[in-house]
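Remarks on the overall topology
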Amino acid sequence: IIIAGVFFLSRSKPQENVNEKADEAVLLANTKNSVGDANAPVKIVEFADLQCPACRTAAPIVKSVLEKHKDQVYFVWRHYPLSTHKNASPAARAAEAAAVQGKFFEMTDLL
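Residues numbered from 1 in each chain as written. Predicted model: local features only at pLDDT ≥ 70, side-chain atom pairs only at ≥ 80, totals over all residues. Heavy atoms only, no water.

Notes on the packing of aromatic side chains
Two descriptors summarise a pair of aromatic rings, namely the distance from one centre to the other and the angle between the planes of the rings. The tally for this structure, following the rule as stated, stands at 3 aromatic pairs. With a centroid separation of 5.8 Å and an interplanar angle of 70 degrees, the aromatic rings of tryptophan 77 and phenylalanine 104 are classed as edge-to-face. With a gap of 27 residues between them, tryptophan 77 in strand β3 (residues 73-79) and phenylalanine 104 in helix α5 (residues 104-110) connect regions that are remote in the sequence. Judged by its relative accessible area of 11%, tryptophan 77 falls in the buried class. A relative accessible area of 4% places phenylalanine 104 in the buried class. Summarising the aromatic geometry, the rings of phenylalanine 104 and phenylalanine 105 are spaced 5.0 Å apart at their centres and angled 85 degrees between planes, so their arrangement reads as edge-to-face. Every member of this aromatic cluster is reached through a ring pair, and the members are Phe75, Trp77, Phe104 and Phe105. (Phe/Tyr/Trp six-rings, centres within 6.5 Å; stacked < 30°, edge-to-face > 60°. Helix = DSSP H or I, 4+ residues; strand = E, 2+ residues; numbered from the N terminus. Buried < 20%, exposed > 50% of the residue type's maximum accessible area, 1.4 Å probe, protein only.)

Okay, structure coming up:
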């Protein structure tokens, strides 16, 4: 079994385009939840889950960067609720409901 596995894995085709740049137009299309000037030299697109512990840890860092460099950074939030987090999708819907009232980022801070 081990020899067959080594043989199979050694014959697999290597990944192509691993270093391919993401299409900025796609990442920034239909941005509803954003902060800053869309023409800023630096653009940050965050894909986040509102129940994710790692996302929660990163949030103060992102907030600090945005405060320190607010004239140079355009920030876009994208929902990426993970299926393993049962409250992630309802939290995303709540954040979008707050967005209708102009309070998206206030709601994400609470969540």
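More follows now that the structure is in view.
Some details on helix α4 (residues 88-100)
With 13 residues, α4 should cover 18 Å at 1.5 Å per step; its first-to-last C-alpha distance of 19 Å lies within 8% of that length. Of all the positions in α4, only Ala88, Ala91, Ala92, Ala95, Glu96 and Ala98 are classed as buried. Buried residues of α4, viewed axially, fall in a sector of 155 degrees; they line one side. In α4, the exposed residues that point more than 90 degrees away from the buried face are Arg93 and Val100. The elements touched by buried residues of α4 are β3 and α5. Of the residues trailing α4, glycine 102 is marked for its positive phi of about 75 degrees. (Expected span 1.5 Å × (residues − 1). Arc of directions from axis to C-beta. Contact = heavy atoms within 4.5 Å.)

A word on the state of the cysteines
Following the criterion strictly, the structure yields 0 disulfides and no others. Of all cysteine sulfurs in the structure, the one in cysteine 55 sits closest to cysteine 52, which takes part in no disulfide; the separation is 3.4 Å. A residue is classified by how much of its surface remains accessible, and cysteine 52, at 12% relative accessible area, is buried. A relative accessible area of 19% means that cysteine 55 is categorised as buried. (Disulfide = S-S within 2.5 Å.)

Topic: the pattern of salt bridges
For the structure shown, the criterion picks out 2 salt bridges. Of the charged contacts in the structure, one is a salt bridge between aspartate 109 and lysine 63, with a shortest N-O distance of 3.2 Å. One end of the pair, aspartate 109, is in helix α5; the other, lysine 63, is in helix α3 (residues 53-68), with 46 residues separating them in the sequence. (Salt bridge = Lys/Arg side-chain N within 4 Å of Asp/Glu carboxyl O.)

Notes on the side chain of glutamate 96
Tracing the sequence through the fold places glutamate 96 in helix α4. Residues within four places of glutamate 96 in sequence aside, it is in contact with Lys32, Asn33, His79 and Phe104.

Honestly, that's just the spatial picture; any functional story needs more than this.
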